[in-house]
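Topology and contacts: notes
Take a look at the letters that make up each chain.
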Amino acid sequence: MRHMIKIADLISLFGTPKNFDPSVSIGGVSIDSRDDVKGKVFFAIRGRKTDGHRYLKDVFKNGATSAFIDNPQFLDVEGGKNIFLVDDVVLALGKLGKFYLDKLPNVKKKIAITGSAGKTTTRYIISTLLSYKRKVFSSKRNLNTEIGVPLSIFDIPWDAEFLIFEFGADRPGDIAYLSELIRPDIGIITNIGPSHIERFGSLEEIGNTKWALAKSVESGGVLIYNGDDPILEKKALSYMGRKISYGSSNNSDVRLLRWGFSDIGENFTIFLDGKLLDYSVNLLGHANIYNTLAGISLIWYLFGDVEFIKEVLPTLSPPPGRLRLIKGLKNGILIIDDTYNSNPLSLKNSLSVLSRFKERRRVAILGDMLELGEFSTIYHREIGKDIALSHLADKILGIGNYTKFLIEGAMDFGFKDVEFFEERDDLLGFLLNNRQDNDVYLFKASRGIRLEDIMNKFMEKIND
């Protein structure tokens, strides 16, 4: 934030605060008392583990100029000034973010991306491609929630022309709220899958939640979507706005014709505007072809010229924890780091990448896919069945309450080389004591499993 919001703006939006001090200037926004809060507005958000109200005394002591609270017991906190009492601090943060966004003078297009998998990588690809043409803002952090999206708004520089946002959904209504906040000119939906299905109850409800982005696209804008996703394809039939589909179906506007792979990325051919176009992208996985197609679709819509994309795609490198191939380890060992998160869609894609390394022993180190609720056992067993029937790995090492069902699913269909661990240290010890030259290891689990800690210790030990 570049001093674009004044205390008078806060009053016009939220009314007169307690202990009003008109002399202050505002230099930013914070929700974390551990940040440098000097000159900033502090939003006292109540989270699952802590309550920002508890730290109000500290933030004012450290120089905060004002604060938003929704607990009236803290109106008279020691040292407090410009304290705004609101019904909901998170909604107040969004309201201020929307106000700030509307003040930015150079914005040409606002782009929003959602989907059950691939959002962050698609955002990264689009940001890289667009940066060759325009001044682009895309958050360096993964800020895609009702709290994160407003925080990303306050990071936007004055001269940004194209803004790229990522929308995540933990519950029904999230995408509709974020869409109203941003009012995108361009909406991109990557796919619909069972991510967070515990909180939605069905794939249909997940689809309805994500589709709210399509409904919010500003008049004169465009919806870009994965035409191979059956839920999106069905919903798009009745969509009356401008739309661009990508995928391998005959009806796709950006049509994928064929594809292949190397150990560092993907090669593919598309049919677009009557032309056959060949591309290579330095990202692993068939899903990353689709993420790239979303980027090509966007560039085609905005500029028509897609030739320069051929030069850019080979320069991409995967973000940490997202199908990153790690080489240079002792004894020719390879590691596929896909530890950022896991759900049925992304795990199937990761295993398909592992399956390619047929000349090596392929070891899948897997932890739980979380937030699947009553569907957890079913989805884990299904993945195990896929590994067995499609020969996606040679060995499975599992940890977590639900991964035992994945292993059982694999064993039910004849897969025998499995190990299950109750303790993290036992998994690490087994890896170290049973590694073989030229092994390839896939590490994949939901964030709550912290599988990256085991992976990093394993790499340290084998390179000692």
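The rules we used
Residues numbered from 1 in each chain as written. Predicted model: local features only at pLDDT ≥ 70, side-chain atom pairs only at ≥ 80, totals over all residues. Heavy atoms only, no water. Axes fitted to C-alpha atoms, helices over the stretch in contact; angles between N-to-C directions. Helix = DSSP H or I, 4+ residues; strand = E, 2+ residues; numbered from the N terminus. Left-handed = near helix turned anticlockwise from the far one by under 90°. Contact = heavy atoms within 4.5 Å. Nonpolar A, V, L, I, M, F, W, Y, C, P; charged D, E, K, R; others polar. Salt bridge = Lys/Arg side-chain N within 4 Å of Asp/Glu carboxyl O. Buried < 20%, exposed > 50% of the residue type's maximum accessible area, 1.4 Å probe, protein only. Pairing = 2+ DSSP bridges.

A few points about the packing of helix α4 (residues 119–130) against helix α10 (residues 286–303)
- Contact pair α4 / α10: the axes reach a minimum separation of 9 Å and the direction vectors enclose 40°. Between α4 and α10 the crossing geometry is right-handed. Taken together, the residues of α10 that come into contact with α4 (itself represented by Thr121, Thr122, Ile125, Ile126, Leu129 and Leu130) are Asn288, Asn291, Thr292, Ala294, Gly295, Ile296, Leu298, Ile299, Leu302 and Phe303.
- Partitioned by chemical class, the residues of the contact of α4 with α10 number ten nonpolar, six polar and no charged.

Brief notes about the pattern of salt bridges
- The full count for this structure, using the stated rule, is 29 salt bridges.
- Ionic pairing is found between Asp394 and Arg362, a salt bridge with its closest N-O pair at 3.0 Å. One end of the pair, Asp394, is in the loop between α13 (376–390) and β17 (395–399); the other, Arg362, is in strand β16 (residues 362–367), and 32 residues separate them in sequence.
- Its relative accessible area of 31% is what places Asp394 among the partly exposed residues.
- With relative accessibility at 7%, the residue Arg362 sits in the buried group.
- Note that Asp453 is salt-bridged to Arg424, the shortest N-O span being 3.8 Å.

A few points about the sheet that holds strand β12 (residues 266–272)
- Pairing within the open sheet is mixed, and its nine strands lie in the order β6-β7-β5-β8-β9-β10-β11-β12-β13. If you trace the sheet from one side to the other, it starts and ends with β6 (136–138) and β13 (275–281), each paired once. Averaged over neighbouring strand pairs, the angle between their axes works out to 20° when direction is ignored.
- Bridging between strand β8 (residues 186–189) and strand β9 (residues 222–226) involves four bridges; their strand directions are parallel. Bridging from a neighbouring strand, Ile188 pairs with Ile224 of β9.
- Lying over the sheet, α4 contacts β5 (109–114), β6, β7 (162–166) and β8, oriented at roughly 170° with respect to β7.

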